[in-house]
Amino acid sequence: MSSREDSHSEFDTDFGGRYRATPSIVHRLPAAFPSALLGSGRPLTLRGSGHSCAGQTVTDGELLVTYSPDTAIEQIRDLGEGLFEVPAGASWHGVEQYLNRRGRALPVLPNHLHMSVGGTLSVGGAGAGSVRLGLQVDQVERIQLIDGIGASRWCSRTEHAELFRFALGGLGTVGLIERVVLRTMAHERRTHLHRAEHPTLAALAADIEQVARTGDADCYWAMAQSGRIWSVTGWWGAQGPGRCDDTDCTVAIDLPMQGSHPGKADSRRPNDPVNMWADYVVPVEHCAPMLAAVAGPRDRPLIGNSATVLYALIIRRSPDAVPFAFAPVGPAPVSVGIGIYARVEPDPKTVAETGEIFENLLRRCVELGGRPYLYGVGELDHSDALRLYGGDLDRLAELRASLRLEHVNTHLPLVRLSGRIRGRAPGDAYQEGAP
Ligand SMILES: Cc1cc2nc3c(=O)[nH]c(=O)nc-3n(C[C@H](O)[C@H](O)[C@H](O)COP(=O)(O)OP(=O)(O)OC[C@H]3O[C@@H](n4cnc5c(N)ncnc54)[C@H](O)[C@@H]3O)c2cc1C
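Keep in mind that what you see is a predicted model, and the values were worked out from it rather than measured.

*Asks:* Could you clarify how one ought to interpret the overall build of the protein chain in this entry?
*Replies:* A count of helices and strands for the protein chain gives twelve helices and 18 strands. Burial analysis of the protein chain (435 residues in total) assigns 58% to the buried set. Residue pairs in contact within the protein chain that sit at least 24 positions apart in sequence constitute 72% of those at least 6 positions apart.

*Asks:* Please explain the site of the ligand as it appears in this structure.
*Replies:* Around the ligand sit 32 residues in total, of which L46, G48, S52, S116 and Y373 are the nearest. In this structure, a nitrogen atom belonging to the ligand sits 3.1 Å away from a side-chain N or O atom of S122. Looking at the shell around the ligand, the elements with two or more residues in it are β2 (44-47), α4 (117-121) and β9 (176-183). When residues in the shell around the ligand are grouped by element, the largest group, three residues, is from α4.

*Asks:* Teacher, can you tell me more about helix α10 (residues 382-389) here?
*Replies:* Among all positions in α10, only D384, A385, L388 and Y389 are buried. For α10, the buried positions fall inside an angular range of 105° around the axis, keeping them on one side. For α10, the exposed residues lying more than 90 degrees away from the buried face are S383 and R387. Tucked inside the fold, the buried residues of α10 contact α9 (348-367), β18 (371-372), α11 (392-402) and α12 (413-417). Looking one or two residues beyond α10, the residue adopting positive phi is G390, at roughly 50°.

*Asks:* Hey, could you run me through the confidence of the model for the protein chain in this one?
*Replies:* Interpreting fine coordinate detail is not advised for predicted regions of low pLDDT. Of the residues in the protein chain, 88% reach a pLDDT of 70 or more, and the chain-wide mean stands at 90. For residues 1-7, every residue scores under 50 in pLDDT, and the model assigns this stretch 17 contacts once sequence neighbours within four places are set aside. Contacts from residues 420-427, a stretch scored under 50 in pLDDT, to residues over four places away or in other chains number 16 contacts.

*Asks:* What is the right way to read the packing of helix α8 (residues 287-294) against α9 from this model?
*Replies:* Two numbers describe a pair of packed helices, the interaxial angle and the distance between the axes. Across the interface, α8 lies against α9 with an axial gap of 10 Å and an inter-helix angle of 170°. One way to sum up the angle between α8 and α9 is to call them roughly antiparallel. From α8, P289, M290, A293 and V294 reach across to α9, where they touch L361, R364 and C365. Residue classes in the contact of α8 with α9 are distributed as six nonpolar, no polar and one charged.

*Asks:* Quick question: what am I supposed to make of unusual backbone geometry here?
*Replies:* Peptide bonds are trans in most cases, and residues, glycine excluded, mostly fall at negative phi. Of note, the bond from L29 into P30 is cis; its omega dihedral lies within 30 degrees of zero at 10°. Residue placement: P30 occurs in the loop between β1 (25-28) and α1 (34-39). The phi torsion at H160 lies on the positive side, around 45°, for a residue other than glycine. Residues other than glycine seldom take positive phi values, yet R404 does so here, at roughly 55°.

*Asks:* Which parts of the structure should I look at to understand the sheet that holds strand β5 (residues 83-87)?
*Replies:* Across a sheet, paired strands are connected by hydrogen bonds in the backbone, their directions being either parallel or antiparallel. Taken together, the five strands give an open sheet; going across it, the order is β4-β5-β9-β7-β8, and neighbouring strands pair in antiparallel fashion. Edge positions in the sheet fall to β4 (77-80) and β8 (152-156), since each of these pairs with one other strand and no more. Strand-to-strand, the axes of this sheet are offset by a mean angle of 20°, without reference to chain direction.

*Asks:* How do you make sense of the sheet that holds β2 when you look at a structure like this?
*Replies:* The strand order β1-β3-β2 describes an open sheet built from three strands, whose pairing is parallel. Each end of this open sheet is capped by a strand with a single partner; those strands are β1 and β2. Adjacent strand axes in the sheet meet at a mean angle of 25° when their direction is disregarded.

*Asks:* Could you clarify how one ought to interpret the side chain of D147 in this entry?
*Replies:* Following the sequence through the fold, D147 ends up in the loop between β7 (140-146) and β8. Given a relative accessible area of 4%, D147 falls into the buried group. A polar contact is formed between the side chain of D147 and the backbone nitrogen of I149, at a distance of 3.0 Å. Once you skip the residues sitting within four places of it in the chain, D147 turns out to touch L38, R153, L403 and L405.

*Asks:* Which parts of the structure should I look at to understand the environment of G169?
*Replies:* Mapped onto the fold, G169 is located in the loop between α6 (161-167) and β9. You can call G169 buried: its relative accessible area is 1%.

*Asks:* Just checking my understanding: could you explain the pairing of strand β13 (residues 228-236) for this structure?
*Replies:* A regular strand carries its side chains on alternate faces of the sheet. With seven of nine residues buried, β13 lies mostly within the body of the structure. Of the strand pairs in this sheet, strand β11 (residues 190-197) and β13 are connected by six bridges, and their pairing is antiparallel. Pairing of L193 across the sheet is with G234, part of β13. Where strand β12 (residues 219-225) lies against β13, seven bridges are found, and the strand directions are antiparallel. Paired with A222 across the two strands is S231, which belongs to β13. Where β12 hands over to β13, the hairpin turn is made up of two residues, of which S226 adopts a positive phi near 50°.

How each quantity is defined
- Residues numbered from 1 in each chain as written.
- Predicted model: local features only at pLDDT ≥ 70, side-chain atom pairs only at ≥ 80, totals over all residues.
- Heavy atoms only, no water.
- Helix = DSSP H or I, 4+ residues; strand = E, 2+ residues; numbered from the N terminus.
- Buried < 20%, exposed > 50% of the residue type's maximum accessible area, 1.4 Å probe, protein only.
- Contact = heavy atoms within 4.5 Å.
- Near = heavy atom within 4 Å.
- Polar contact = N/O pair within 3.5 Å; in protein donor to acceptor, adjacent residues only side chain to side chain.
- Arc of directions from axis to C-beta.
- pLDDT = per-residue confidence, 0-100.
- Axes fitted to C-alpha atoms, helices over the stretch in contact; angles between N-to-C directions.
- Parallel < 35°, antiparallel > 145°, perpendicular 65-115°, else oblique.
- Nonpolar A, V, L, I, M, F, W, Y, C, P; charged D, E, K, R; others polar.
- Pairing = 2+ DSSP bridges.

Given below as structure tokens:
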């Protein structure tokens, strides 16, 4: 039924490297049969390329690894009208390369392309293009989702719309995304880029607010590392908007493909530094206080430490974007995504102290009306989760019960936090929108 691996060490940890366990069995696509595995009723953890950082894909039980970038490419189908059907185990790099050869491109890509399509869409997916076109989940036309008895159904804004809303950004809690239909756009190879340095994080916040207000950029990102703070604003094509006439301007060719190398998320040794990464998405008007918070406490600054990187994106979603249940989205039309990427020594004291800083950042994000990106570190408590997700938490428990998914991704904090089932027997079959 599935391929048993000789060595499991490759999947003992994730990109974070903090949590370790050896899976009892590793099933890998394309040899494995996902429907049979999900339908078996045996406990199962789902994994794409393992770039999450808090043990989401680490297990001592059975693991299903969907990431299969080489074989997945052979299964991409052109559906016409700019729509492409892509296996969830494909990498963004493979998909973009495939599309570019056919004159098409993905509207929003992450900055690292060697991650699985299904895993990224299970957390959200943001990139430089988010300033114009929202998240990667906003570019999804439909998904094929496998439930806990191995049945698969197509879900979209109009078909099983509730499952669509829960699955994208849902960490695999409502089933395995097996295939995805993505919207694409015409491929423009050139991007006119304008780079600006900023003396302080407050100045960066002003830049972000100004770019968000102007609203004409096609791409935007900002970074801070080793005392330097800079942002890059871009426009598709060679020209730019006509205001970039200084030496800080360049024209990049195939920008998304630049600098994305297939680093391995899972070949980490026990004594390697731990990657403590997290991203927070807050309404753009709260950009300044969130940036001030990520600078860290005065006595233990996070920024300024050369091993820590700050990364910021602007996210503008269309007014009719789907209000995904757990993705890092909120009601604000324009948000800022702020990532803080720390690399710390693996001793328990340092990890615990850094973890405390991240817990405080998570609290601050919630106070500011934002949402965390659930691939990262930092655990929500029940009251914060209720404030963020409201009735969707209870509904998640109901959906998991009716889709017979209690054996899948059970270890996730989101599953633990999801409410107890009220008024329905756990065995009731899944019905769209049932209360
Ligand atoms: C170096 C690096 C760069 C990054 N850059 C960006 C960026 O620019 N923009 C951005 O938005 N994010 C970025 N991220 C975060 C990234 O989106 C998440 O780590 C994401 O989880 C990566 O996908 P994955 O395949 O590794 O998922 P995994 O870590 O394997 O899985 C994530 C979650 O999704 C579930 N899952 C995996 N596959 C499926 C599936 N097919 N169906 C259902 N559930 C599934 C897993 O059970 C798990 O809960 C980056 C992370 C790293 C480490």
